[in-house]
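This is what each chain is made of:
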Amino acid sequence: MKPMGPIPPFFEAGSDGELVIAGKPASAWLDEADAPAFVYDKAIIEAKVAEFRAAMPDRVALHYAVKANSYGPLLEHMAKKVDGFDLASRGELERVDGLDLPLSIAGPGKSDADIAAALQKGVTIHLESEGEADRALAVAEAQGTTPRLAIRINPPFILKGAGMKMGGLASQFGIDAERVGPLALRLVDAGADFQGYHLYAGSQSLSAEAIAESQLATIDLTEKLVAETGIVPREVNLGGGFGIPYFANEKPLDISVIGDAIGKRLQDRPALSETKFILELGRWLVGEAGVYLTRVLDRKQSHGETFLTTDGGMHHVLAASGNLGQFLRRNYPITNASRFADEPTLEASVVGRLCTPLDLLGDEVMLADTQVGDVIALFCQGAYGLTASPNDFLSQPKAREHLA
Ligand SMILES: *Cc1c(COP(=O)(O)O)cnc(C)c1O
């Protein structure tokens with residue numbers, strides 16, 4: 001038996017012992033379609049937003065990082081709950097069309113057409129280089145618009161313990177800190193509508209202390225930039241990187257530690273009293289709200305081990321299979337949803353239907369005794385699930401998505 005991550009604390013069994021998601025038994029989400037499904041539970045997202053609002057000072061706005069999950073109905077729902085959307089591509093800009101929220105776009109490799117589309121819609125562009133700054137100014141001049149620009153800073157420190165570290169290093173993201181002040185002055189000189197700064201130090205951190213430390217370092221860096229340039233930024237995007245527990249022995253973040261630290265530091269920074277602060281979160285807001293459901297097609301024995309073959313796989317849930325940048329494969333929380341109330345008595349490996357041994361959803365996990373036709377639920381699939389997976393690999397059916 002190998003360990004698995006903790007099942008998020010939002011789920012219960014119905015009277016018949018089946019896992020209930022967003023008010024419906026797991027199997028009911030699948031009966032309509034002969035394909036796996038992702039179910040995103042609005043109530044869980046609302047609980048996360050409420051936790052954020054309670055923990056953070058009022059002057060810290062909440063933005064949703066659209067790349068975590070860009071399912072249309074989910075974006076419409078998020079638009080009512082958050083204060084802005086952070087985009088990573090022109091495609092995402094198209095996906096939020098018609099949703100009336102402040103928008104910003106970051107990411108290396110913005111083409112002139114991307115910049116033109118963003119400027120046309122009044123989106124704040126987070127500049128990743130001086131070259132991109134020059135192109136944004138030129139595109140704006142050709143368009144006859146005043147560009148809304150912010151500078152992404154390559155953090156001069158790292159976010160300790162993050163699943164993905166960015167910063168303190170040479171990077172394709174952002175501009176090295178010592179060159180940020182001169183560029184800000186140049187943008188203001190050129191007549192841009194200068195918005196401020198953005199700093200993103202990493203993703204999937206489960207240390208509130210480390211996150212707070214990086215947010216405080218960002219506030220201090222911003223204050224230095226005010227002293228250096230005399231420009232008071234309208235806004236500062238502090239990044240985020242709030243993680244969720246995926247694996248055994250991981251614990252949820254206590255975000256009140258972060259909120260208290262930011263609140264206290266901002267009280268001591270009168271130079272920034274007019275500046276709006278933003279946290280941009282994806283995974284922490286929506287990750288635990290999503291469950292992936294797939295049916296068992298076959299149960300077999302091989303060399304004394306039990307295999308449960310499902311109609312899903314890594315083409316829908318690449319990260320859970322361990323193939324999205326993980327160093328060591330570990331088990332996400334997984335269960336037999338049809339028998340959620342039953343004691344786990346069966347050690348089995350849950351696999352997908354792709355022709356590769358990498359397509360492993362649960363490696364020697366303990367499940368309730370499982371029969372062909374049962375529904376397997378894989379948790380923590382609300383972020384970096386379907387859109388972060390090679391959907392077309394092997395031309396298997398596309399997964400359905402539901403928001404309820
Ligand atoms: C991906 C990304 C995010 C969201 O990260 P999460 O781990 O989902 O919260 C935020 N900001 C930037 C710049 C990103 O690239």
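Scroll up for the structure.
So, here's what we can say about the structure. (Residues numbered from 1 in each chain as written. Predicted model: local features only at pLDDT ≥ 70, side-chain atom pairs only at ≥ 80, totals over all residues. Heavy atoms only, no water.)

Turning to its location among the elements, N154 is positioned in strand β9 (residues 148-154). On the basis of relative accessible area, N154 is assigned to the buried category, the value being 5%. A polar contact is formed between the side chain of N154 and the side chain of D176, at a distance of 3.0 Å. (Helix = DSSP H or I, 4+ residues; strand = E, 2+ residues; numbered from the N terminus. Buried < 20%, exposed > 50% of the residue type's maximum accessible area, 1.4 Å probe, protein only. Polar contact = N/O pair within 3.5 Å; in protein donor to acceptor, adjacent residues only side chain to side chain.)

Moving on: the site of the ligand. Taken together, the residues surrounding the ligand are A65, K67, R152, H198, Y200, S203, E280, L281, G282, R283 and Y384. Y384 has a polar side-chain atom sitting 2.6 Å from an oxygen atom of the ligand. When the ligand is considered free in solution it has 390 Å² of accessible area, and contact with the protein chains removes 90% of it. Here the shell around the ligand is built from residues that sort into 4 nonpolar, 3 polar and 4 charged. (Near = heavy atom within 4 Å. Areas by Shrake-Rupley, 256 points an atom, 1.4 Å probe, with all protein chains shown as cover. Nonpolar A, V, L, I, M, F, W, Y, C, P; charged D, E, K, R; others polar.)

The interhelical angle for the contact between helix α8 (residues 208-229) and helix α9 (residues 255-267), taken along N-to-C directions, is 20°, at an axis separation of 9 Å. As judged from the angle between their axes, α8 and α9 are roughly parallel. The two elements α8 and α9 meet at a crossing, and its hand is right-handed. For the pair formed by α8 and α9, the contact residues are A208, E209, I211, A212, Q215, L216, I219 and D220 on the first element and V257, I258, A261, I262, R265 and L266 on the second. For the contact of α8 with α9, a count of residues per class yields 10 nonpolar, 1 polar and 3 charged. (Axes fitted to C-alpha atoms, helices over the stretch in contact; angles between N-to-C directions. Parallel < 35°, antiparallel > 145°, perpendicular 65-115°, else oblique. Left-handed = near helix turned anticlockwise from the far one by under 90°. Contact = heavy atoms within 4.5 Å.)

Our focus in this paragraph is the pairing of strand β8 (residues 124-127). Here β8 shows two buried faces, one formed by T124 and H126 and the other by I125 and L127. Remark: the strand β7 (residues 103-105)/helix α5 (residues 112-120)/β8 crossover connection has right-handed handedness. In this structure, β8 lies alongside β9, joined through 3 bridges in parallel fashion. If you follow H126 over to β9, its bridge partner there is A150. In the classification by handedness, the crossover that spans β8, the intervening helix α6 (residues 130-143) and the parallel β9 is right-handed. (Right-handed = clockwise from strand over helix to strand, strands pointing away. Pairing = 2+ DSSP bridges.)

The buried count for strand β12 (residues 193-198) comes to 6 of 6 residues, which makes it a mostly enclosed element. Of the pairings in the sheet, the one linking β9 to β12 comprises 5 bridges and is parallel in character. Opposite L149, over in β12, you have F194 as the bridge partner.

Opposite charge on two side chains permits them to pair, given that their charged atoms come into close proximity. Within the structure shown, the criterion is met by 19 salt bridges. Its salt-bridge partner being D363, residue K2 comes within 2.8 Å of it at the nearest N-O pair. Of this pair, K2 sits in the segment before β1 (12-13) while D363 is found in strand β20 (residues 360-367), placing the two residues 361 residues apart along the sequence. By relative accessible area, which is 16% here, D363 ends up buried. Here the salt bridges share partners, and the residues they tie into one network are D220, E223, R265 and R269. (Salt bridge = Lys/Arg side-chain N within 4 Å of Asp/Glu carboxyl O.)

Attention now goes to the sheet that holds strand β2 (residues 19-21). In space, the 3 strands of this open sheet follow the order β1-β2-β3, with antiparallel pairing throughout. The strands lining the two open edges of the sheet, one partner per strand, are β1 and β3 (24-25). For β2 and β3, the ladder comprises 2 bridges, and the chain directions are antiparallel. Opposite V20, over in β3, you have P25 as the bridge partner.

On to the environment of S203, then. Locating S203 in the fold gives a position in strand β13 (residues 202-203). The buried category is assigned to S203, whose relative accessible area is 8%. On a C-alpha basis, the gap between S203 and W284 in space is 10.0 Å, while along the polypeptide they are 81 residues apart. Within the structure, the side chain of S203 is placed 3.1 Å from the side chain of R283, a separation counted as a polar contact.

As a further point, take the environment of D369. Mapped onto the fold, D369 is located in the loop between β20 and β21 (375-378). Judged by relative accessible area, which is 36%, D369 ranks as partly exposed. Distance in space between the C-alpha atoms of D369 and S205 is 35 Å, their sequence separation being 164 residues. Residue contacts for D369: discarding those within four places in its chain leaves R299, N336, R339, T345, L346 and D374.

Turning to α6, a few remarks are in order. The end-to-end C-alpha distance of α6 is 20 Å, a good match for the 20 Å that 14 residues give at a rise of 1.5 Å each. Among the residues making up α6, those that are buried are E132, A133, A136, L137, V139 and A140. Down the axis of α6, the buried set is contained in an arc of 165°. They therefore lie on one face. Exposed positions of α6 whose direction lies more than 90 degrees from the buried face are E141 and A142. Buried residues belonging to α6 abut α5, β8, β9 and α7 (180-189). Regarding α6, its N-cap is S129, as a side-chain oxygen of that residue lies 3.3 Å from the backbone nitrogen of G131 further along. Following α6 by one or two positions, G144 adopts a phi angle in the positive range, close to 75°. (Expected span 1.5 Å × (residues − 1). Arc of directions from axis to C-beta.)

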